[in-house]
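Observations on the model geometry
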Number of protein chains: 2
Amino acid sequence: MKETKHVVIIGAGFGGLQAVKKLAKDKSIRITLIDRSNHHLFQPLLYQVASAVLSPADIAIPIRSLMHKKKNVTVLMDTVTEIDKENKQIILDDKRISYDYLILAAGAKTGYFGHNDWMKYTLGLKTLFDALRIRNLILKSFEKAENHPESAKELMKYIIIGGGPTGVELAGSLAELSHSIINNDFRNIDTRKSEIILIEGGADLIPSFNRELSIYAKKKLEKRNVRVMLNSRVMNIEDNKVFLKTSEGEKTLTANIIIWAAGVEAVNLNNTFGLPEDKQKRLIVNRYCSFDEYPEIYAIGDSVNFRDEDGKSLPGVSAVAMQQGRYAASAIRDLIKGKELKPFKYTDKGSMATIGRKDAVADIFGIKFTGFIGWLMWLGLHLFYQVGFKNKVSILITWMWSYLTFGASARLIQDTPGKEELESMLYSLKK
Amino acid sequence: MKETKHVVIIGAGFGGLQAVKKLAKDKSIRITLIDRSNHHLFQPLLYQVASAVLSPADIAIPIRSLMHKKKNVTVLMDTVTEIDKENKQIILDDKRISYDYLILAAGAKTGYFGHNDWMKYTLGLKTLFDALRIRNLILKSFEKAENHPESAKELMKYIIIGGGPTGVELAGSLAELSHSIINNDFRNIDTRKSEIILIEGGADLIPSFNRELSIYAKKKLEKRNVRVMLNSRVMNIEDNKVFLKTSEGEKTLTANIIIWAAGVEAVNLNNTFGLPEDKQKRLIVNRYCSFDEYPEIYAIGDSVNFRDEDGKSLPGVSAVAMQQGRYAASAIRDLIKGKELKPFKYTDKGSMATIGRKDAVADIFGIKFTGFIGWLMWLGLHLFYQVGFKNKVSILITWMWSYLTFGASARLIQDTPGKEELESMLYSLKK
């Protein structure tokens, strides 16, 4: 009987899960899947947790329950501190694990292009924690306005920096929240008077889309009372202040809440390689999603920079990560069998973004969809890709419900820790 | 036309909501409902959030959406710091609100009978935040055990202090979690080997129930591998240690997680009265849920000590709070009309507690139910009392789902704030 090979996969995102799925079929392979958190997060819907439509559990599913039946997969919730490439070992806080093959799929986090001081004044949107913080602060701003109508105008002013899909979708659903969902819940203020400003440095929103769709998205967001500012570069951010350089010169905007959706960078794990990185700290991999000097190491998804034939980097979207995950898995199985490898090739099926109720833009195989049809396609595809049946049911119900009642189901401000609680929290962090 | 009277209600728990409901019908009354949080919490199911069966949004519903259509009700999310009884004003952080009538329904919080130093070493279960902390730490203890099987025994040791309904229900559902839900998800440990110890100072579990049911509950919990210790008084608590005085002398137990379900006390708001309190800081009210010197002030629910004819204090359960809420509302309407008041009378419809899947004890109008029938009654009643239709649907699905699949749907460890996040959290607390 042939010896078992051990594959270690770091990260249970879209890429990592696809890789496990494919590898686990080969019972002669033993797999260890490591993630910092205990759940797979369906990031494309994270903004709906922020806008109080969905609950965390709707878009997060325990990795263990996904691997439940795959007996050749061991799941560890842990953080990888380093990689000993020469001895083929990954290093955790307090132990080492040897691998025959390694797949790096650690993903990306909010990036500030070196301006880490802006982090303090803005809210990112990459983790559940981020999403819940945004939700809490947005909902609290309305509560505070109801208590102090005199300062409602300032309190209900929100800036979203970054006109990519995340920024566009978040702006759309925050506009919906304030303009058509909670507007009858208050007695002293009119939440429809809230101001949502979406800032994009380039000439178009969702630049990765076909230009027509970018223009459509802008028009529709403006119809939903979102103020869209294009060609506006962020020069600096301070407490409740954003300093811009626009085509009409410099501008300073104020807001109660500033959300940063302008950039991501690979998680720092990658720094432990002595390999070339791009300015977003993404690993530059070869045509095989691997490294010439370490063919047993694969790197996929948002944490890598893969350049196709014509030198163009692939975008940091789930489709790329999933295809690379499946590729890495079969590449490893081929290596074990001693087969010849073909380079990775990405097939772009298209992209889509929602602007709000019954409205989305989709660019599928070059065909453009907008409005309600676009929205239906968006809904269908997201439900289809949602991992875990229970989540599908629960999300569908939640959506149908908020669609019928115009209500945001998850509109709760979670108790934030007070001093006493923070103390015992720090205390339990030790555990 | 007669002048509008202003009723201020503090607390949107079971008592407060019943009072609003009844008062709002009279359009000549203006109501202001104040709560620290933006949601009504269905506390009887809080333990199911702790045991990862339900999500916070399942048992919390925004107060605003409940008051949505009641135009004579204003909801404020705020904290009452004091009450100026002479000028009939409540004092918030930064403003005063005048009232004609006041209903105090601020509820209870975890109480340590003066041993507040125990708070640091134990976890309470009164808020959503508490429940999520318990969930996070329990789930993390299993994750850590999977990484370090050598110390699994210590890591999977849990103590629950307090044999009332909360303690019993939590013990039952934690036993279920470790023994039949997640036991196949791990490769290096057997979660069924986890140890759950339930400690009660008195001679019986759920002492408020008929003795037969107490005995039944104990037997069933022990069958589910919960170690029940009766007649065991907690003398002291230290880091992972509980010191007991039992019938067989003094004992010291160790555990990874210690949960405190042994006592509650009224929230401190009440201290602003110069009125007699019992040792649980509960206000001692007269036969009218009011105060002889302040007949315009009513106090109801967990935050008061109401003694019936034979001097027995009513228990701190939702049924009492709801009946007192309705009573206070009609009493105020009678006062306005100048009618004579009848003293408050509590009708005990009975009580119920679940021990786990398909098993509960119910004591309804003196008739005792156990096992599956008891469980069905428990389920029906809780769904019936759940506020908000969406919640009912979502809970029903979640329950049906976990019932069919033996899975805990909300089994996710929510990202806990790191240093950076805690910093910007403290920062946003200012907002």
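Note that the structure is predicted; figures quoted are calculated from it, not measured.

**Some words on the packing of aromatic side chains**
Enumeration according to the criterion identifies 18 aromatic pairs over all chains in this entry. Taken together, a centroid distance of 5.6 Å and an interplanar angle of 65 degrees make the contact between B:Trp118 and B:Trp260 edge-to-face. Of this pair, B:Trp118 sits in the loop between strand 10 (108–110) and helix 5 (128–147) while B:Trp260 sits in strand 17 (residues 257–260), and the two are 142 residues apart along the sequence. Taken individually, B:Trp118 and B:Trp260 each receive the classification buried, so the pair is uniform in this respect. Here the aromatic residues A:Tyr112, A:Phe113, A:Trp118 and A:Trp260 are joined through ring pairs into a cluster of three or more.

**Observations regarding the environment of A:Asn305**
Residue and element names in this part refer to chain A. With respect to the secondary-structure elements, Asn305 resides in strand 22 (residues 304–305). Residue class for Asn305 comes out buried when judged on its relative accessible area of 2%. C-alpha separation for the pair Asn305 and Lys281, spaced 24 residues apart in sequence, amounts to 9.0 Å. Ignoring anything within four residues of it in the chain, the contact list for Asn305 reads Asp278, Arg282, Leu283, Ile284, Val285 and Ser313. There is a polar contact of 2.9 Å between the side chain of Asn305 and the side chain of Asp278.

**Examining the packing of helix 1 (residues 14–24) of chain B against helix 9 (residues 318–337) of chain B**
All names here are of chain B. Two numbers describe how helix 1 lies on helix 9: the axes approach to 7 Å, and their chain directions differ by 30 degrees. Remark: the crossing between helix 1 and helix 9 carries right-handed chirality. In contact with Phe14, Gly15, Gln18, Ala19, Lys22 and Leu23 of helix 1, helix 9 contributes Ser318, Ala321, Met322, Gly325, Arg326, Ala329, Ser330, Ile332 and Arg333. Residues of the contact of helix 1 with helix 9, tallied by class, amount to 7 nonpolar, 5 polar and 3 charged.

**Looking at the sheet that holds strand 15 (residues 241–246) of chain A**
Residues and elements named next belong to chain A. Spatial ordering of the open sheet is given by 14-15-16, a layout of 3 strands whose pairing is antiparallel. The outermost strands of the open sheet, each flanked by one partner alone, are strand 14 (233–238) and strand 16 (249–254). For this sheet, the mean angle separating the axes of adjacent strands, direction not counted, is 20 degrees.

**Structural notes on the sheet that holds strand 6 (residues 80–84) of chain B**
All names here are of chain B. If you trace the 3 strands from one edge of the open sheet to the other, you get 6-7-8, paired in antiparallel fashion. Edge positions in the open sheet fall to strand 6 and strand 8 (96–98), since each of these has one partner strand only. Adjacent strand axes in the sheet meet at a mean angle of 25 degrees when their direction is disregarded. Sheet analysis places strand 6 next to strand 7 (residues 89–92), joined by 4 bridges and oriented antiparallel. Among the inter-strand pairings, Ile83 is bridged to a residue of strand 7, identified as Ile90.

**Quick notes on the domain arrangement of chain A**
Residue and element names in this part refer to chain A. Its domain assignment divides chain A into domain 1 (5–36 + 78–110 + 264–336) and domain 2 (116–262 + 351–405). On a C-alpha basis, the centroid separation for the pair domain 1 and domain 2 is 32 Å. In this complex, domain 1 contributes 6 residues to the contact, which on the side of domain 2 involves 6 residues. Here domain 1 meets domain 2 over a buried area of about 480 Å², counting both sides, of which 69% is carbon and sulfur. For the domain 1 face of the interface with domain 2, the top three residues by lost area are Thr110, Val264 and Met322, together amounting to 64%. Between domain 1 and domain 2 we count 0 salt bridges in total. Across the contact surface, domain 1 and domain 2 share 0 residue pairs in polar contact (both at pLDDT 80 or more). Take the side of domain 1 that touches domain 2: its biggest share by element is 3 residues, from strand 10 (residues 108–110). Residues belonging to the side of domain 1 that touches domain 2 are distributed by class as follows: 3 nonpolar, 1 polar and 2 charged.

**Quick word on the packing of helix 5 (residues 128–147) of chain A against helix 7 (residues 165–181) of chain A**
Residue and element names in this part refer to chain A. Contact pair helix 5 / helix 7: the axes reach a minimum separation of 13 Å and the direction vectors enclose 25 degrees. Judged on the interaxial angle alone, helix 7 and helix 5 are roughly parallel. Like other packed secondary-structure pairs, helix 5 and helix 7 cross with a definite hand, here right-handed. Here Ile138, Leu139 and Phe142 of helix 5 come into contact with helix 7, specifically with Leu174, Leu177 and Ser178. Residue classes in the contact of helix 5 with helix 7 are distributed as 5 nonpolar, 1 polar and no charged.

**A closer look at the pairing of strand 14 (residues 233–238) of chain B**
Looking at chain direction, strand 14 of chain B and strand 15 (residues 241–246) of chain B are connected through 5 bridges and run antiparallel. Within strand 15 of chain B, the residue paired with B:Val234 across the bridge is B:Leu244.

**Overview of a nonpolar patch on the surface**
A contiguous nonpolar surface patch, about 320 Å² in accessible area, is contributed by A:Leu381, A:Phe384 and A:Tyr385. Tracing the chain through its elements places A:Tyr385 in helix 10 (residues 371–385).

**Focus on a positive patch on the surface**
Taken together, the side chains of B:Lys21, B:Lys22, B:Lys25, B:Arg326 and B:Lys349 make up a positively charged region of the molecular surface. Among the secondary structure elements, B:Arg326 is positioned in helix 9.

**Quick notes on the pairing of strand 1 (residues 5–10) of chain B**
Look at any regular strand and the pattern is simple: side chains alternate between the two faces of the sheet. Residue and element names in this part refer to chain B. Taken across its 6 residues, strand 1 has 5 buried, putting it largely inside the fold. Note that strand 1 and strand 2 (residues 29–35) share 6 bridges and pair parallel. Looking across to strand 2, one finds that Ile9 is bridged to Leu33. As for the winding sense of the linkage, the β-α-β connection from strand 1 through helix 1 to strand 2 is right-handed. Note that strand 1 and strand 9 (residues 101–104) share 4 bridges and pair parallel. Bridge pairing in strand 9 links Val7 to Tyr101.

**Quick word on the pattern of salt bridges**
Two side chains bearing opposite charge may form a pair once their charged atoms approach each other closely. For the coordinates displayed, the defined rule picks out 31 salt bridges over all chains. The partner of A:Lys5 in a salt bridge is A:Glu3, with the nearest N and O atoms 3.0 Å apart. Judged by relative accessible area, A:Lys5 falls into the partly exposed class, the value being 22%. One salt bridge in this structure joins B:Glu195 and B:Arg227, with 3.5 Å as the shortest N-O distance. Of the two residues, B:Glu195 sits in strand 12 (residues 195–199) while B:Arg227 sits in strand 13 (residues 226–229), which places them 32 residues apart along the sequence. With relative accessibility at 22%, the residue B:Glu195 sits in the partly exposed group.

What counts, and at which threshold
Residues numbered from 1 in each chain as written. Chains lettered and ligands numbered in written order. Predicted model: local features only at pLDDT ≥ 70, side-chain atom pairs only at ≥ 80, totals over all residues. Heavy atoms only, no water. Phe/Tyr/Trp six-rings, centres within 6.5 Å; stacked < 30°, edge-to-face > 60°. Helix = DSSP H or I, 4+ residues; strand = E, 2+ residues; numbered from the N terminus. Buried < 20%, exposed > 50% of the residue type's maximum accessible area, 1.4 Å probe, protein only. Contact = heavy atoms within 4.5 Å. Polar contact = N/O pair within 3.5 Å; in protein donor to acceptor, adjacent residues only side chain to side chain. Axes fitted to C-alpha atoms, helices over the stretch in contact; angles between N-to-C directions. Left-handed = near helix turned anticlockwise from the far one by under 90°. Nonpolar A, V, L, I, M, F, W, Y, C, P; charged D, E, K, R; others polar. Pairing = 2+ DSSP bridges. Domains from an automatic or database assignment. Buried area = accessible area lost by both parts, 1.4 Å probe. Salt bridge = Lys/Arg side-chain N within 4 Å of Asp/Glu carboxyl O. Parallel < 35°, antiparallel > 145°, perpendicular 65-115°, else oblique. Patch = residues over 30% accessible without salt bridge, like charges linked within 9 Å, V, L, I, M, F, W, Y side chains within 5 Å. Areas by Shrake-Rupley, 256 points an atom, 1.4 Å probe, with all protein chains shown as cover. Lys, Arg positive; Asp, Glu negative; His and termini not counted. Charge placed at Lys NZ, Arg CZ, Asp CG, Glu CD. Right-handed = clockwise from strand over helix to strand, strands pointing away.

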